[in-house]
Amino acid sequence: METTLTTLLGSARDILHVNWLGASTAPSRTLYPHQWSWDSAFIALGRSWHDQRRAEQELETLFAAQWSNGMLPHIVFNLDVSEAEYFPGPGFWDARRTGRVPRGTATSGITQPPIHARAALDMHRHARDVDASRAFLARLYPGLRAQHEYLARDRDPTGIGLPVIVHPWESGLDNSPVWDRDLRDLRIPPGTVPAYRRRDLQHADPADRPTDEVYDAFVYLAMRYRDSGYDDRRLLDTAPFAIAGPLFCAIYLWSTDALAEIARIIGADPGPHEDAAARIREAMLRELWDPEARRFYPRDILTGHLEPEETIVSFAPLLDADLPAEHLAAILEDLRSVCFHPEADGHFVVPTFSTRSPVFDRRRYWRGPVWINTNWLLWHGLKQHGYEAEAEEIARASLALVARSGFREYFDPFDGAGYGASGFSWSAALTIDLVEQLGGAEHVRLDGNPMAHA
Ligand code: 2M8
């Protein structure tokens, strides 16, 4: 089995090599030929175990495209790829019009979960060249700080203490049922959505991807934000979608803790980040916790309502190192329930949506399948709270999935079949990170019970 893991790690590195674009990495050469923001953080972390220099370059390339207001764009376009190869491309976003996009770069106009400070800190923790890594942290720190300040300053229009996302694409979990109600409630005036061609369907099975109706809603929301001039001061008047969600906010909190640590490492003042973390932590408990359901839910700040869907985002507050015992116990109960831990033989944890929901879909993008990045986040969260057995089960399931089906984009929780893109970068990168964190290929066994160290 050791040999298999060694081979697996070799293939994971090969994928990162093939998807390397020269200064950053594409999530997939076919489906996603540009640089994506949170993908790059996962990719840099995985790559850093064998190539510190390129891993650092990955994040520096991303931050070189950060807007002047601190907004870190969710896509940095690869200028060698034509507009026709991915929709929506730079022409659609028309970001340059804001005057905030750095010269020589082309970006989208929305952001993604701010996992970057955490990735940079983790990279530093195992860096071989510690001096180079410290210098890298010092170079990245102003950008990380600006990214966090942007979210606190411009994305909290009602002052709840949490940033909102203005598009499901910002959540990273685009097509999750958690947004269904909001997308259904959108009143899209007939004729407003321009004619467009879906490029994703040229590279992926339509059964794995969002429906056309959902895509229209995605395009409409992106257009609305673009046509407002990406003006966050007018969000309450112009945004049809403004949601503070547990996954985005928990990652923001986790990274804010990391930012305080980075500040300490480079000799800056961690105080402002510690204060920010305390505020975010408190706001998450106040705004996103439903005491009756005993669950964290996203809050729609336009209606004031919580969004009661049973999705994986409810478990993300495990990333809060100080999560109170009551909340921790409730999350564990849910994670162990038949909805997220189906009892069928050979199932794989953790489905992204309750397997008991009538609209659970075992293969469609974010509507049920297991993803390696959400597993990796929960693995971290469980470990930090001392739930070793549960964390090990997730690690074992993740490795079994990629060993069985390759580095696919997502996986069937029941039979482990792979869906979406093949040669998907974050599945490869986080496999590397997982194995290395567990002690390396020669120490990890996939067989036996549980993830035993040899
Ligand atoms: C997916 O999102 C993009 C749009 O941003 C798409 O469907 O075209 C999501 O899974 C997102 O989380 C991810 O960052 C991106 C690239 O892997 O693909």
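### Some points on the overall build of the chain
Inference 1: A tally of helices and strands in the chain yields 16 helices and eight strands.
Inference 2: Scaling as 2.2 N^0.38, a compact globule of 454 residues should have a C-alpha radius of gyration of about 22 Å, and the chain matches this with 20 Å.
Inference 3: For the chain, the spread of C-alpha atoms along the three principal axes comes to 60 × 50 × 45 Å.
Inference 4: With 454 residues in all, the chain has 63% of them scored as buried.
Inference 5: Taking the intrachain contacts of the chain between residues at least 6 apart in sequence as the baseline, contacts between residues at least 24 apart amount to 70%.
Inference 6: Total accessible area on the chain is roughly 16700 Å²; 49% of this is exposed by carbon and sulfur atoms.
Inference 7: Positive and negative charge centroids in the chain, built from 46 and 64 side chains respectively, lie 4 Å apart.

### With respect to unusual backbone geometry
Inference 1: The peptide bond linking F87 to P88 adopts the cis configuration, its omega dihedral lying at -5 degrees.
Inference 2: For P88, the location among the structural elements is in the loop between β2 (75-76) and α4 (90-93).
Inference 3: Phi is positive for Y230, which is not a glycine, with a value near 55 degrees.
Inference 4: Residue position: Y230 is located in the loop between α9 (212-227) and α10 (235-238).
Inference 5: Take Y230: its relative accessible area is 1%, and that puts it in the buried class.
Inference 6: One non-glycine residue, W366, lies in positive phi territory at about 65 degrees.
Inference 7: Take W366: it is sitting in the loop between α13 (325-336) and α14 (372-384).
Inference 8: For W366, a relative accessible area of 1% corresponds to the buried category.

### Some words on the site of the ligand
Inference 1: Around the ligand, the structure places 17 residues, and the nearest of them are D39, Y86, G172, D174 and Y365.
Inference 2: H74 places a side-chain nitrogen or oxygen 2.9 Å from an oxygen atom of the ligand.
Inference 3: G172 is positioned such that a nitrogen or oxygen atom in its backbone is 2.6 Å from an oxygen atom of the ligand.
Inference 4: In isolation the ligand exposes 410 Å². Once the protein is present, 100% of that is buried.
Inference 5: In terms of residue class, the shell around the ligand is built from eleven nonpolar, three polar and three charged.

### A few points about the confidence of the model for the chain
Inference 1: Per-residue confidence for the chain averages 95 on the pLDDT scale, and 97% of its residues sit at or above 70.
Inference 2: Least confident of the elements in the chain is helix α1 (residues 2-18), whose mean pLDDT is 90; most confident is helix α2 (residues 37-47), at 99.
Inference 3: Overall, residues 448-454 carries pLDDT values under 50, and its contacts beyond four positions in sequence, including any with other chains, amount to 20 contacts.

### Digging into the environment of T107
Inference 1: Looking at the secondary structure, you find T107 in the loop between α4 and α5 (116-125).
Inference 2: When the C-alpha positions of T107 and T4 are compared, they lie 39 Å apart, and in sequence the two are 103 residues distant.
Inference 3: A polar side-chain atom of T107 sits 2.9 Å from a polar atom in the side chain of W67.

### Quick word on the nonpolar core
Inference 1: Ranked by internal contacts, the top residues of the largest apolar core, which has 148 residues, are I115, L162, L183 and W376.
Inference 2: Among all residues touching I115, those that are not within four sequence positions of it are W38, A41, F42, I251, W254, S255, W376 and L377.

### Focus: the packing of α2 against helix α16 (residues 425-437)
Inference 1: Packing of α2 against α16 brings their axes to within 7 Å, and their N-to-C directions diverge by 40 degrees. Where α2 crosses over α16, the two elements pack in a sense that is left-handed. Facing W38, D39, F42, I43, L45 and G46 of α2, the residues of α16 in contact are S425, W426, A429, L430, I432 and D433.
Inference 2: Split into classes, the residues belonging to the contact of α2 with α16 amount to eight nonpolar, two polar and two charged.

### Side note on the pattern of salt bridges
Oppositely charged side chains may form a pair once their charged atoms are brought near each other.
Inference 1: In the structure shown here, the tally under the stated rule is 33 salt bridges.
Inference 2: The shortest N-O distance in the salt bridge between R97 and D94 comes to 3.0 Å.
Inference 3: Judged by its relative accessible area of 52%, R97 falls in the exposed class.
Inference 4: Linked by salt bridges that have partners in common, R198, D200, R209 and D212 make up one network.

### Observations regarding the packing of aromatic side chains
Inference 1: Across all of its chains, the model carries 28 aromatic pairs by this definition.
Inference 2: Between F87 and Y196, the aromatic rings sit 4.9 Å apart at their centres with planes inclined by 10 degrees, giving stacked as the arrangement. Remark: Y196 occurs in the loop between α8 (180-185) and α9 and F87 occurs in the loop between β2 and α4; sequence separation between them is 109 residues.
Inference 3: A ring pair is formed by W93 and W169, whose centres lie 6.1 Å apart and whose planes are at 55 degrees; its orientation type is tilted. Of the two residues, W93 sits in helix α4 while W169 sits in helix α7 (residues 168-171), which places them 76 residues apart along the sequence. In terms of burial, W93 and W169 fall into one category: buried.
Inference 4: A cation over an aromatic ring shows up here: R209 above the ring of Y365, its NZ or CZ 4.5 Å from the ring centre.

### Re the side chain of S228
Inference 1: Of note, S228 is situated in the loop between α9 and α10.
Inference 2: A relative accessible area of 7% means that S228 is categorised as buried.
Inference 3: Setting aside residues up to four positions removed in sequence, S228 forms contacts with R234 and T238.

### Let's talk about helix α12 (residues 271-287)
Inference 1: For α12, with 17 residues, the first-to-last C-alpha span of 24 Å sits near the 24 Å given by 1.5 Å per residue.
Inference 2: Where the residues of α12 are buried, they touch α6 (130-154), α11 (246-266), β4 (289-290), β5 (295-296) and β6 (299-300).

### A closer look at the packing of α5 against α6
Inference 1: Axis separation between α5 and α6 bottoms out at 10 Å; the angle between their running directions is 170 degrees. With respect to their mutual orientation, α5 and α6 come out roughly antiparallel. Where α5 approaches α6, its residues H116, A117, A120, M123 and H124 are matched on the opposing element by V130, S133, R134, F136, L137, L140, L144, Q147 and H148.
Inference 2: Each residue belonging to the contact of α5 with α6 can be placed in one class, and the counts come to eight nonpolar, five polar and one charged.

### Points about α13
Inference 1: Between the first and last C-alpha of α13 there are 16 Å, a value that for twelve residues agrees with the 16 Å anticipated at 1.5 Å per step.
Inference 2: Structurally, α13 contributes buried residues whose contacts are with α12, β4, β5, α14 and α15 (388-405).

Procedures and definitions
- Residues numbered from 1 in each chain as written.
- Predicted model: local features only at pLDDT ≥ 70, side-chain atom pairs only at ≥ 80, totals over all residues.
- Heavy atoms only, no water.
- Helix = DSSP H or I, 4+ residues; strand = E, 2+ residues; numbered from the N terminus.
- Rg over C-alpha atoms; globule rule 2.2 N^0.38 Å.
- Buried < 20%, exposed > 50% of the residue type's maximum accessible area, 1.4 Å probe, protein only.
- Contact = heavy atoms within 4.5 Å.
- Areas by Shrake-Rupley, 256 points an atom, 1.4 Å probe, with all protein chains shown as cover.
- Lys, Arg positive; Asp, Glu negative; His and termini not counted.
- Charge placed at Lys NZ, Arg CZ, Asp CG, Glu CD.
- Near = heavy atom within 4 Å.
- Polar contact = N/O pair within 3.5 Å; in protein donor to acceptor, adjacent residues only side chain to side chain.
- Nonpolar A, V, L, I, M, F, W, Y, C, P; charged D, E, K, R; others polar.
- pLDDT = per-residue confidence, 0-100.
- Core = buried A, V, L, I, M, F, W, Y, C linked by side-chain atoms within 4.5 Å.
- Axes fitted to C-alpha atoms, helices over the stretch in contact; angles between N-to-C directions.
- Left-handed = near helix turned anticlockwise from the far one by under 90°.
- Salt bridge = Lys/Arg side-chain N within 4 Å of Asp/Glu carboxyl O.
- Phe/Tyr/Trp six-rings, centres within 6.5 Å; stacked < 30°, edge-to-face > 60°.
- Lys NZ or Arg CZ within 6 Å of the ring centre and 35° of its normal.
- Expected span 1.5 Å × (residues − 1).
- Parallel < 35°, antiparallel > 145°, perpendicular 65-115°, else oblique.

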